[in-house]
Amino acid sequence: MGINKSLSGAMLVVLAISMALGACSPTAEPSGGQSGTEDDTLNLAFFADISTADPDVFYDIEGLAITQSVYEGLVKYGPDSTELEPALATSWDVSNDGLTYTFQLQDGVTFSDGTQFDSSALKTSFKRRSAVAGGPSYMLADVDHYETPDPQTFVVVLEKPVSSFLDLMASAWGPKAISPKVLEERAGDDHAQKYLMNRAVGTGPYVLTSFQRGTGYTLEANPDYWSEKPFFKTVEIEITPDISAQTLKLRSGDLDAILHGFPISNLPTVENNDDLMVENFDSLGTTSLYLNTHKPALSGEDVREAVIKAMDVPSLVADVYGDTASIPEGAYPKGLLDPSLAPIDLSYEPEDAKSILEGQDITLDVVYTPDSSGVQRRLADLIRQKLAMVGITAKPRQAQLGEVFAYREDVESAADIYVSTPTPDGAHPDTWGRIVWYTEAGLNFFNYSNSQLDAALDRGLRETSEDEAAEFYGAAGEMAYADWAVVPIAHVNDVVVHRSDLENVQHVPAYPWTLSLASLRR
Amino acid sequence: MPRYLVGRLAGVLVVVLALVTIVFAARTLIPSDPVRAQVGANASAETVARARERLGLNDPLPAQYVTYLSDAVRGNLGESVRTGRPVQRDIREFLPASIELAIASMMLAIIGGLLIGIMGASTGRGSGVIRTLFVAGAAAPSFLLALVLIYVFYFRLQWLPPSGRIEVPDAPIGPTGLFVLDGLAVGRVDVVIDALRHLILPAVSLALVPAVAIGRVLRSSLLEVYKSDYIRTAHAKGISPRRVLYRHALRNALSAPLSMTGLQLGLLLGGVVVVETVFAWPGIGLYMNNSIQSGDVTAIAGVTLVVGISYVLTNMVVDVTQGLADPRIRI
């Protein structure tokens, strides 16, 4: 008993030390449900590290809040819109043959290192993108040459017309202006890629002042920014991989917003909280079902159509997404093309499906990649339940992205159905069709191929008339729908949960998982 | 003793060689295309081909194995597809955080194990309750335990931070990379306190399971030792129970718990992935989690190798220590 007394005493001492450490907080005031940080500091979180801050290499989604805040391109999309707006270009003109783009540039712009911005600097940046040849370099693949007749005029001459060119310039991953002084002095043997991996020298409203891999990043307001200065002088972005931890920090006031990944099922708990607000923004993200046409079970179009019609897509989407997604009416993501040009019908027709599937013993391997909100897993589970009602055995399982990208190497051994939510690079139909449907395209996971569809996309890309191009893209969409190989089932929204004292919260559908940080106020 | 040491070292080398081979095989056989995932959907075929060439993914398998083995010997673990940096450089950057967490966790686990073991071997009032509490805590998944601790100590009590490693600006980095030690070395009390505050919750999350395991083995060992004649003699001579425990029983009961401690350290290294992810602790566990998410097989293989070798070496140290303490083991 004497032993237990002294041991219990030891435990009490340990507890007391913990409480004392808890009292030694670097912040003077406890958070307690209010914003516990300084008013001019915006606190955000990423779920994972960004691989690089180099805009000519970066091709992820997590991290756009940084690249979109420190760098700028020629044009951009407006808030809640797919319309183009001026950025570093004040105006632009396209020649009738669609080959020459003439941009008038903003005057009085400097890079964050003090270098003057002009057409020559922009030319250096654009050529650097092609030289680096990273993921987003394809956007300049059809460029023949650049001209800089004067410092405020930048001319891009293409080899062939590219109907999506301006949308690629406005893309979140589009070419950005990088200080030519940095590109020259830090070129090394890799066009300054090592230097720009954790640094940024752009023209944007913020400057990247700290890049600590695994920990977080700091942005400071650019004092020489050419346009309206941001309200928040500092943006602190912490790496917080767990959504529960992010949620607790948001409720405590240590985080100002959760930019994505908030579990849909938890939204009702937020909606009753006066300190928090939910924003349901339109986005270009489109949940799609990829059906492996090379597997015997799904080799027939009629079977693929029956599988989709048996899923009861409308109630599936309602169950999983609630009011944070809508059923597609067209083959393209929302806002990319008039749905009437490539309409689709995802209505629930279980009897028709049963009659086609009768007598077939089908087992499907349904794969999804994990996401913090858990919606893809939930979708896969519900698909299993729905297909069971028509006699199909579906087996959902989780896979990492690396495995999914390896499917194209051995498509006969790959999964049968893959659930994914891709997003196009820009608000143009070509940025969708060319990555999802085109033969051997980057997100064409099961090597779906339709040469006529490819031809329609190619014709649309080279058209100089918007209406003519739309017709070709419409035809491509109709063919994709008829093949039932890549089926869009939900236009998903970007759901942002933020502290209610945040104002002027702006979002661009083509810029996923981020807000316009410069426009935010408290 | 020297023959015993040489024998153990030789065994370690064989195990490490086998580990390298297994890691290489897993890295090669896993169906994964991290290159495409990294360079992006619209990357041209030339860009992808260039990336594969640079990473040596086009060479024949035997050539890749020889290259991998010789590189591993020289400490070159390949290039991370995700960060674009040498994996060994990434590990060097993230490892100190994990070491600091592991040391703190093991210290707590040893203290906790001693408490559980000693209280468990006693029949005093309250020992059963405390033992039950520890076992209940250890039964919970580390992920759940971590979240509960954050909810209670951060959200409700606001005593401790929920994530990260340090908040004090300009915290000294180096020479060890462990903020507590580096803070002590330069006399920065604020750094030491802040580092400890951030360490507590993740360390407790990690420590509970090994504490219970060590405690249970210690309890069994103590109960066995208490049956010995010399313990009965000590009691008969009127020596106090506390003195009997600390001067006689505990020393002779430590062999098995010592082995268990070595085993638990290896298992603890495996458990850091979950805990570091929940607490956003920037160690190799978080690095591993990010690598798994992006299918960065090279980085996964590198971390697996380092953790595996650490486990083997740790157990070797434990075995040697036991051999030093107990000559019977060296025979």
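Keep in mind the model is a prediction, meaning the values are calculated, not measured. (Residues numbered from 1 in each chain as written. Chains lettered and ligands numbered in written order. Predicted model: local features only at pLDDT ≥ 70, side-chain atom pairs only at ≥ 80, totals over all residues. Heavy atoms only, no water.)

Q: What am I meant to see in the overall build of chain A here?
A: The number of helices and strands found in chain A is 16 helices and 19 strands. A compact globule built from 522 residues would reach a C-alpha radius of gyration of about 24 Å, and chain A, at 25 Å, matches this within 12%. With 522 residues in all, chain A has 57% of them scored as buried. Put simply, of all contacts in chain A between residues at least 6 apart along the chain, 71% involve residues at least 24 apart. When the accessible surface of chain A is split by element, carbon and sulfur atoms take 48% of a total near 19,800 Å². Mean positive and mean negative side-chain charge positions of chain A (35 and 78 charges, respectively) differ by 6 Å. (Helix = DSSP H or I, 4+ residues; strand = E, 2+ residues; numbered from the N terminus. Rg over C-alpha atoms; globule rule 2.2 N^0.38 Å. Buried < 20%, exposed > 50% of the residue type's maximum accessible area, 1.4 Å probe, protein only. Contact = heavy atoms within 4.5 Å. Areas by Shrake-Rupley, 256 points an atom, 1.4 Å probe, with all protein chains shown as cover. Lys, Arg positive; Asp, Glu negative; His and termini not counted. Charge placed at Lys NZ, Arg CZ, Asp CG, Glu CD.)

Q: How should I be thinking about helix H3 (residues 119-132) of chain A in this particular structure?
A: Three or four residues apart is the spacing at which side chains of an α-helix point the same way, because the helix has 3.6 residues per turn. Residues and elements named next belong to chain A. With 14 residues, H3 should cover 20 Å at 1.5 Å per step; its first-to-last C-alpha distance of 20 Å lies within 8% of that length. Those residues of H3 that fall on the buried side of the exposure criterion are Ser119, Ala121, Leu122, Ser125, Phe126, Arg128, Arg129 and Val132. Elements in contact with the buried residues of H3: strand S5 (100-105), strand S6 (143-150), strand S7 (153-158), helix H4 (165-170), helix H5 (180-185) and helix H6 (193-197). Two residues or fewer after H3 comes Ala133, characterised by a positive phi angle close to 55°. (Expected span 1.5 Å × (residues − 1).)

Q: Sorry, what's going on with the pattern of salt bridges here?
A: Once the charged atoms of two side chains with opposite charge are near each other, the side chains can pair. Residues and elements named next belong to chain A. Per the stated rule, a full pass over the model turns up 29 salt bridges over all chains. With a shortest N-O distance of 3.9 Å, Asp190 and Lys194 are connected by a salt bridge. Residue class for Lys194 comes out exposed when judged on its relative accessible area of 61%. One salt bridge in this structure joins Arg521 and Glu228, with 2.8 Å as the shortest N-O distance. In this pair, Arg521 is assigned in the segment after strand S19 (494-499) and Glu228 in the loop between strand S9 (216-221) and strand S10 (234-239), connecting sequence segments 293 residues apart. The structure contains a network of salt bridges with shared partners spanning Asp39, Asp256, Asp501 and Arg522. (Salt bridge = Lys/Arg side-chain N within 4 Å of Asp/Glu carboxyl O.)

Q: Honestly, the packing of helix H9 (residues 301-309) of chain A against helix H11 (residues 350-357) of chain A in this entry has me stumped. Any pointers?
A: Axis angle and axis distance: for two packed helices, these are the angle between their axes and the distance between the axes, and together they describe the pair. Residue and element names in this part refer to chain A. Between H9 and H11, the shortest axis-to-axis distance is 8 Å and the interhelical angle comes to 140°. Like other packed secondary-structure pairs, H9 and H11 cross with a definite hand, here left-handed. For the pair formed by H9 and H11, the contact residues are Asp302, Val303, Ala306 and Lys309 on the first element and Pro350, Ala353, Ile356 and Leu357 on the second. (Axes fitted to C-alpha atoms, helices over the stretch in contact; angles between N-to-C directions. Left-handed = near helix turned anticlockwise from the far one by under 90°.)

Q: Sorry, what's going on with a negative patch on the surface here?
A: Residue and element names in this part refer to chain A. A contiguous patch of negative charge, built from Glu466, Asp467, Glu468 and Glu471, is present on the exposed surface. Structurally, the position occupied by Asp467 is in helix H16 (residues 466-483). The exposure class of Asp467 is exposed, given its relative accessible area of 62%. (Patch = residues over 30% accessible without salt bridge, like charges linked within 9 Å, V, L, I, M, F, W, Y side chains within 5 Å.)

Q: Just to check I follow, could you spell out the nonpolar core for this structure?
A: Generally speaking, soluble globular proteins have nonpolar side chains that are buried together. One finds Leu74, Phe103, Phe165, Tyr332, Trp437 and Leu517 of chain A to be the most contacted residues of the largest nonpolar core, which totals 159 residues. No other element matches the six residues that helix H12 (residues 375-388) of chain A contributes to this core. The contacts of Leu517 of chain A, once residues within four sequence positions are left out, are Leu42, Leu44, Ala65, Ser69, Tyr206, Leu219 and Val235 of chain A. One finds Phe155, Val191, Ile200 and Ala213 of chain B within the second-largest nonpolar core, a separate group that totals 43 residues. (Core = buried A, V, L, I, M, F, W, Y, C linked by side-chain atoms within 4.5 Å.)

Q: Honestly, unusual backbone geometry in this entry has me stumped. Any pointers?
A: Trans is the common state for peptide bonds, and a negative phi is the common state for residues other than glycine. Residue and element names in this part refer to chain A. One non-glycine residue, Asn447, lies in positive phi territory at about 55°. Structurally, Asn447 can be placed in the loop between helix H14 (430-436) and helix H15 (451-462). Taking relative accessible area as the criterion, Asn447 reaches 23% and is therefore assigned partly exposed. In this structure, Trp513 takes a positive phi of about 60° despite not being glycine. Checked against the element boundaries, Trp513 lands in the segment after S19.

Q: Explain helix H13 (residues 284-293) of chain B here, please?
A: Residue and element names in this part refer to chain B. With eight of ten residues buried, H13 is to be regarded as a mostly interior element. Ile284, Gly285, Leu286, Tyr287, Met288, Asn289, Asn290 and Ser291 are the residues of H13 that are buried. Phi turns positive, to about 65°, at Gly295, one or two residues after H13.

Q: Any chance you could explain empty space enclosed by the protein here in plain terms?
A: Over the atoms, a rolling probe the size of a water molecule traces out where space has been left empty. All names here are of chain A. With the rule as written, the count across this model stands at two cavities of 30 Å³ or more. One number sums up the size of the largest cavity: a volume of about 60 Å³. As for the largest cavity, its lining consists of Ala331, Ile344, Leu346, Trp437, Ala480, Tyr481, Trp484, Ala485, Val486, Val487 and Pro488. Among the elements of the structure, H16 and strand S18 (486-492) are those that each provide at least two residues to the lining of the largest cavity. (1 Å grid on protein atoms, 1.4 Å probe; cavity = no way out; pocket = protein on both sides within 12 Å on 5 of 7 lines; lining within 4 Å. Points joined across faces, edges and corners; volume = space filled by probe spheres on them.)

Q: Could you clarify how one ought to interpret the environment of Leu149 of chain B in this entry?
A: All names here are of chain B. Structurally, Leu149 is set in helix H7 (residues 142-156). When its relative accessible area of 10% is taken as the criterion, Leu149 is described as buried. Put simply, Leu149 and Ile309 are 160 residues apart on the chain and 31 Å apart in space, counted from C-alpha to C-alpha. Not counting residues up to four positions away in its chain, the partners in contact with Leu149 are Tyr154, Leu201, Val204 and Ser205.

Q: How should the pairing of S19 of chain A be read in this particular structure?
A: Working note: regular strand, side chains alternate between the two faces of the sheet. Residue and element names in this part refer to chain A. Counting buried positions along S19 gives six out of six residues, so the element sits mostly inside the fold. Pairing of strand S11 (residues 257-258) with S19, which is carried by two bridges, proceeds in the antiparallel orientation. By the bridge assignment for S19, Ile258 is matched with Val497. As paired elements, strand S12 (residues 276-281) and S19 share six bridges and run antiparallel to each other. Residue pairing in the sheet places Asn280 in a bridge with Val495 of S19. (Pairing = 2+ DSSP bridges.)

Q: When you look at the sheet that holds strand S4 (residues 89-94) of chain A in this model, what are you seeing that I'm missing?
A: Adjacent strands of a sheet pair through backbone hydrogen bonds, lying either parallel or antiparallel. Residue and element names in this part refer to chain A. Taken in spatial order, the four strands of this open sheet run S4-S5-S7-S6, and their pairing is antiparallel. Edge strands, defined here as strands with exactly one partner in the open sheet, are S4 and S6. With direction set aside, neighbouring strand axes in the sheet form an average angle of 20°. As defined by bridge partners, S6 adjoins S7 across five bridges and the pair is classed as antiparallel. Bridge pairing in S7 links Glu147 to Val155.

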